[in-house]
Amino acid sequence: MPKIASIDELKTIGEQLTAARSDDAILMTVCGGPGCQATRCHDVAAELRKELDSNGFNGSARLRVTGCHGFCEQGPIVVIDPSNIFYGQVKPADVKEIVDRTVRNGEVVERLLYTDPSTGKTVLTEDKIPFYKAQTPTLLSQNRRLDPWSMEDYLAIGGYTALAKVLSGMSPEEVISQIKASGLRGRGGGGFPTATKWAACRAAHGEEKYVICNADEGDPGAFMDRGILEGNPHAILEGMIIGAWAIGANKGYIYVRNEYPLAVEHAKEAISQAREYGFLGEDILGSGMNMDIQVARGGGAFVCGESTALMASLEGKVGEPRPKDVHTVEHGLWNRPTTLNNVETWANVPAIINNGAAWFSGMGTDNSKGTKILALTGEVKNTGLVEVAFGTSLRTVVEQIGGGGRDGRTTKAVQTGGPSGGCLPASMFDLPVDFDVLWEKGSMIGSGGLVVMDEKTCMVDVAKYFLKFLQDESCGKCVPCRIGVDRLLEIVTDITEGRGSSEQVELLKELGETVAETALCGLGKTAPNPVLSTLRYFPEEYEAHISEGRCPAGVCTELIEYSIDAVTCNGCGACLKACPSEAIQGRKNKLHTINLELCTKCGICLTSCNDNAIVVQ
Amino acid sequence: MSSSLDTILEGRRSQPHQLIEVLQDVQQEHGYLSREAMDTVSEGLGVPVMEVYRVANFYTAFTLEPMGKYVITLCKGTACHVRGANPLITQALGLLEVEEDQTTEDGLFTVQTVNCIGTCALAPVVVLNGVYHPLMTPAKLRALINRVRREEEEGTGHA
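Quick caveat: nothing in here was measured; it's all calculated off a predicted structure.

A. How the structure looks around the overall build of chain B. Secondary structure assignment for chain B yields 7 helices and 4 strands. Projected onto its principal axes, the C-alpha coordinates of chain B cover approximately 50 × 40 × 25 Å. In chain B, buried positions account for 55% of the 159 residues. Within chain B, residue pairs in contact and separated by at least 24 positions form 62% of the contacts whose partners lie at least 6 positions apart. When the accessible surface of chain B is split by element, carbon and sulfur atoms take 49% of a total near 7,200 Å².

Right under this line is the structure:
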């Protein structure tokens, strides 16, 4: 493809590509997102390709492997358009039947349809599935319309037209005022107004300025950015080029986690295509703008999600943050003015420019505009990526989209915002997804991780889990975080191991507040959130550990004992074979018992027993 | 080894800011960062060897010891933790008689954990040499390890 030299040329090519795709051919879309890859969607896609080719469907049925559709629980997913038939958990062995019956004859393969657990009935089309119905698809839904390797697919859905609009006469100030009017706030966790950052960086003195995309998605339980970067990399590039125009930068970096090899690959490929088409390089679309973007692979350090640490890492150094009284918009990468935004923030920019600020600010609440992609995981029926308008209640997300708890268990809490966030109890599920509301309640929307917890989750153990994580990930530069988090973990460990006292609860609160006030960077300042929020909303669980020496959820190993129920055990031997400590004895078809001296309380027997005969007390 | 280091350093010599990128490539190519490789990188980029070591030690992406033929990566992200990552870690370490980040004596398996692999919807997840195994249970993990061992004994194993 030769370089697109002008805005008019882009318009013509875009229109041609859109027209070429609007024929009435059958389109089979296979989700190639992180979840579906794990369930071998590429085997399904390869089988489909083979079957379509060998049946001579070359022109009349097309196949497209896309980025994440969101409904990971149902992967591998195949959607057949134009009829919008949704097949879930498809195996390579199902492909022949799909092609023979659905593609050739327009019939439905009933057993591959989604069954709504609340009604027990199958659902024919994707748009009628409750998981998708309550969502506000704007950004994530683009994924299913394009092959991330295909620039043509992106151009066919209006790709790079926002950039063309900007370059054909919008001044940098106009771009910034559009972003300001839209109310866009940073999606990476901080929720800082994007336009404020851009305006300050534009005003900063310096010949050379930079834009950075933070794709170092380090929050455990979050994979929204992976979903966009793997599924729709050009939207991010387009957002970055527009941002660069607005602030006056001509160099950009995408800092990606190396744990996401496919995201690295897709970002690199998209950049190379953008150079080839002339969206990067010199004299972009004949406008005189020069810009290039490079990919940098992160080294796997949570603290590098913090902007100053990330910039240190880009400079090839250890990722240690520095105090923020010197702003990165003035003195950032190489000490030059730098604008850093998260993947989802950048990816929202083109649609705001194309559809207008009012379209974006029409969604959401007073101070949180637009939509947010959430990673819905944990003890909930429907897991995956979901996109909702700000203001949607947590209840809608957990119960309507998520389908409620798993295996009939009662949902107890959601953890939002990763290690910087907190746990909110089920009684607060009417709260809206909103930057400020969740922050006021001791949690945060953060980057969008939403882990559902039920009666089998111990909230004290959750606090310990995050403290352990933060202790590992603390860079060690400042005392409040290095020592404070250590002490918090020590106290919580005491509580989970039966050595806790009620005075320690007060100490936890006091210490938590001190760390929050005095730590150097965002990691340290928010580190006490998980422990403070669980103390605030689940004091009875701390109390049970401390006063009664009991873990109500049966998780904290020092406080529980395993035994086998004499009535339920049928002596099948499954637990005996599974136990790594050889702590279980028993003859075939006879009651088995656990030798408590050998038992390490690892819980493996619990997962191996088919008759629920293992008792935890 | 030195020729592959030359290739990695090509076009990046005397550019200290390329340190992490270069180490990523060495890690990928060699499977770990040897003392010799770090010396060469230090010289090539003009970064003191102490700084190279500090960076290599700081980031979890780098290992200073060779890895086993099969690398078992156990995710301990929040979703995996809530859905039972701990029994999986116990199973793997117990079965292979190693500690975290250690390699079995026969050089066959390395067990490592990761803070989050980004496949949270199908937790708990285990990755064996880059292949994801979603919705893992201790029993499935044991079967997987035993299968690899059996294939190795029969000479049909492929890392």
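B. Expanded view of the side chain of Ser368(A). Residue and element names in this part refer to chain A. Structurally, Ser 368 is set in the loop between helix H15 (357–361) and strand S11 (371–378). What makes Ser 368 buried here is its relative accessible area of 0%. Side-chain polar atoms of Ser 368 contact the backbone nitrogen of Phe 435, separated by 3.1 Å. Dropping the residues within four chain positions of it, Ser 368 is found in contact with Arg 185, Met 363, Phe 390, Asp 434, Phe 435 and Asp 436.

C. Representation of the domain arrangement of chain B. Annotation of chain B at the domain level lists domain 1 (2–58) and domain 2 (70–154). One C-alpha centre belongs to domain 1 of chain B, the other to domain 2 of chain B; they are set 29 Å apart.

D. Region of interest: unusual backbone geometry. Here the amide bond leading from Asp81(A) into Pro82(A) is cis, since omega sits at 10°, within 30 degrees of zero. Within the fold, Pro82(A) resides in the loop between strand S3 (78–81) and strand S4 (85–87). In this chain, Ala123(B) is followed by Pro124(B) through a cis amide linkage whose omega measures -5°. Its place among the elements puts Pro124(B) in the loop between strand S2 (109–114) and strand S3 (126–128). Even without being glycine, Asp283(A) reaches a positive phi, approximately 50°. Its place among the elements puts Asp283(A) in the loop between helix H12 (261–277) and strand S9 (292–298). A relative accessible area of 38% means that Asp283(A) is categorised as partly exposed.

E. Structural view of the sheet that holds S11(A). All names here are of chain A. Sheet architecture is open: 5 strands sit in the order S12-S11-S15-S13-S14, paired in mixed fashion. The sheet terminates laterally at strand S12 (384–389) and strand S14 (422–425), the two strands that pair on one side only. Adjacent strand axes in the sheet meet at a mean angle of 30°, parallel and antiparallel pairs treated alike. Here S11 runs beside strand S15 (residues 449–454); their pairing, made up of 4 bridges, is parallel.

F. Representation of the domain arrangement of chain A in the model. Residues and elements named next belong to chain A. Once the domains are mapped, chain A shows domain 1 (21–129), domain 2 (159–361), domain 3 (371–454), domain 4 (459–547) and domain 5 (561–616). Taking the mean C-alpha position of each, domain 2 and domain 3 sit 27 Å from one another. Counting residues at the interface gives 16 residues for domain 2, matched by 20 residues for domain 3. Note on domain 2 versus domain 3: buried area summed over both sides is about 1,400 Å², and carbon and sulfur give 61% of it. Taken as a group, Arg 187, Phe 223 and Met 224 account for 37% of the area that domain 2 buries against domain 3, more than any other trio of residues on that side. Where domain 2 packs against domain 3, one counts 2 salt bridges. Where domain 2 touches domain 3, the interface holds 5 residue pairs in polar contact (both at pLDDT 80 or more). Here the side of domain 2 that touches domain 3 takes 3 residues from helix H10 (residues 224–231), the largest share from any one element. Of the residues assigned to the side of domain 2 that touches domain 3, the class counts are 6 nonpolar, 6 polar and 4 charged.

G. Up close: the interface of chain B and chain A. Contact residues are listed per partner, giving 40 residues for chain B and 60 residues for chain A. Counting each side, the surface lost to burial between chain B and chain A is near 3,900 Å², with a carbon and sulfur contribution of 55%. On the chain B side of the interface with chain A, the three residues burying the most area are Phe58(B), Thr78(B) and Arg83(B), jointly 15% of the side's total. Linking chain B with chain A are 3 salt bridges, by the criterion used here. Measuring nitrogen to oxygen at the nearest pair gives 2.7 Å for the salt bridge that ties Arg297(A) to Asp25(B). The tally of links from chain B across to chain A stands at 25 residue pairs in polar contact (both at pLDDT 80 or more). Looking at the side of chain B that touches chain A, the elements with two or more residues in it are helix H2 (19–30), helix H4 (49–58), helix H5 (78–82), helix H6 (85–96), strand S4 (131–133) and helix H7 (138–154) of chain B. For the side of chain B that touches chain A, the leading source of residues is H2(B), giving 6 residues.

H. Summary view of the confidence of the model for chain B. Mean pLDDT for chain B: 92, with 97% of residues reaching 70 or above. Scoring of the predicted complex yields 0.93 for pTM and 0.92 for ipTM.

I. Expanded view of the packing of aromatic side chains. All names here are of chain A. Applying the stated rule across the entire model yields 18 aromatic pairs over all chains. Ring geometry for Phe 71 and Phe 131: centres 4.1 Å apart, planes at 5°, overall stacked. In this pair, Phe 71 sits in the loop between strand S2 (61–66) and S3 while Phe 131 sits in helix H5 (residues 130–133), placing the two residues 60 residues apart along the sequence. Taking the relative accessible area as the measure of exposure, Phe 131 reaches 1% and is therefore buried.

J. Representation of the pattern of salt bridges in the model. Residue and element names in this part refer to chain A. Tallied over the full model, the rule gives 41 salt bridges over all chains. Two residues, Arg 104 and Asp 100, come together in a salt bridge whose shortest N-O distance is 3.7 Å. Residue Arg 104 and its partner Asp 100 are both found in helix H4 (residues 95–105); the two are separated by 4 residues, about one turn of the helix. Given the relative accessible area of 41%, Arg 104 is considered partly exposed. Taking the relative accessible area as the measure of exposure, Asp 100 reaches 25% and is therefore partly exposed. Ionic pairing is found between Arg 395 and Glu 399, a salt bridge with its closest N-O pair at 3.3 Å. Of the two residues, Arg 395 and Glu 399 both sit in helix H16 (residues 394–401), 4 residues apart, roughly one turn of that helix. Overall, Arg 395 belongs to the partly exposed group, its relative accessible area being 27%. Under the relative-accessibility criterion, Glu 399 is labelled partly exposed at 40%. Among the charged side chains, a network of salt bridges with common partners joins Asp 94, Glu 97, Arg 101, Glu 107 and Arg 111.

K. Here's a closer look at the packing of helix H8 (residues 172–182) of chain A against helix H11 (residues 233–247) of chain A. Residue and element names in this part refer to chain A. Orientation of H8 relative to H11, taken along the N-to-C sense of each, is 120°, at an axis distance of 7 Å. Comparing their axes, H11 and H8 come out oblique. The interaxial crossing formed by H8 with H11 has left-handed handedness. Seen from H8, the contacting residues are Pro 172, Val 175 and Ile 176; seen from H11, they are Ile 242, Trp 245 and Ala 246. Among the residues making up the contact of H8 with H11, the classes are represented as 6 nonpolar, no polar and no charged.

Reading the values: the criteria
- Here, residues in each chain are numbered from 1, in the same order as that chain's written sequence.
- Chains carry letters and ligands carry numbers; both start at the beginning, A for chains and 1 for ligands, and go up in the order they are written.
- Local features in this predicted model are restricted to residues whose pLDDT is 70 or higher, and side-chain atom pairs enter the listing and the counts only when it is 80 or higher, whereas totals over whole chains, interfaces and linings include all residues.
- Note that water and hydrogens are dropped before the side-chain values are worked out from all heavy atoms of the structure.
- We count a stretch as a helix when DSSP gives it H or I for four or more residues in a row; a strand needs E for two or more, and each element gets its number in order from the N terminus.
- Relative accessibility thresholds used throughout: buried, under 20% of the residue-type maximum; exposed, over 50%; partly exposed, between the two (1.4 Å probe, protein chains only).
- Throughout, a contact is declared for two residues whenever any of their heavy atoms are within 4.5 Å.
- For accessible areas, the Shrake-Rupley method is used with a probe of radius 1.4 Å. Any residue's cover is judged against the shown protein chains and nothing else.
- Pairs of N or O atoms within 3.5 Å make up the polar contacts considered here, provided that, within protein, one atom can donate a hydrogen while the other can accept it, and that residues adjacent in sequence are counted only when both atoms are side-chain atoms.
- The source of the domain bounds is an automatic or database domain assignment.
- Strand pairing is defined by DSSP finding a minimum of two bridges between the two strands.
- Simply put, an axis is a line fit to the C-alpha atoms, just over the touching stretch for a helix, and the angle between two N-to-C directions goes from 0 to 180 degrees.
- Buried area is calculated as the accessible area (1.4 Å probe) missing from two parts once they are joined, with the contributions of both summed.
- Within this document, salt bridges are pairs made up of a side-chain nitrogen of Lys or Arg and a carboxyl oxygen of Asp or Glu, the two lying within 4 Å of each other.
- For this classification, the nonpolar set comprises Ala, Val, Leu, Ile, Met, Phe, Trp, Tyr, Cys and Pro, the charged set comprises Asp, Glu, Lys and Arg, and every other residue, Gly included, is treated as polar.
- For every residue, the predictor reports its confidence as pLDDT, a number between 0 and 100.
- Two rings from Phe, Tyr or Trp (for Trp, the six-membered ring) form a pair when their centres sit within 6.5 Å of each other. Planes less than 30 degrees apart are called stacked, planes more than 60 degrees apart edge-to-face, and all others tilted.
- Reported orientations rely on four angle classes, namely roughly parallel under 35 degrees, roughly antiparallel over 145, roughly perpendicular from 65 to 115, and oblique for the rest.
- It is the rotation of the near helix from the far one that decides the hand of a crossing: anticlockwise by less than a right angle makes it left-handed, clockwise makes it right-handed.

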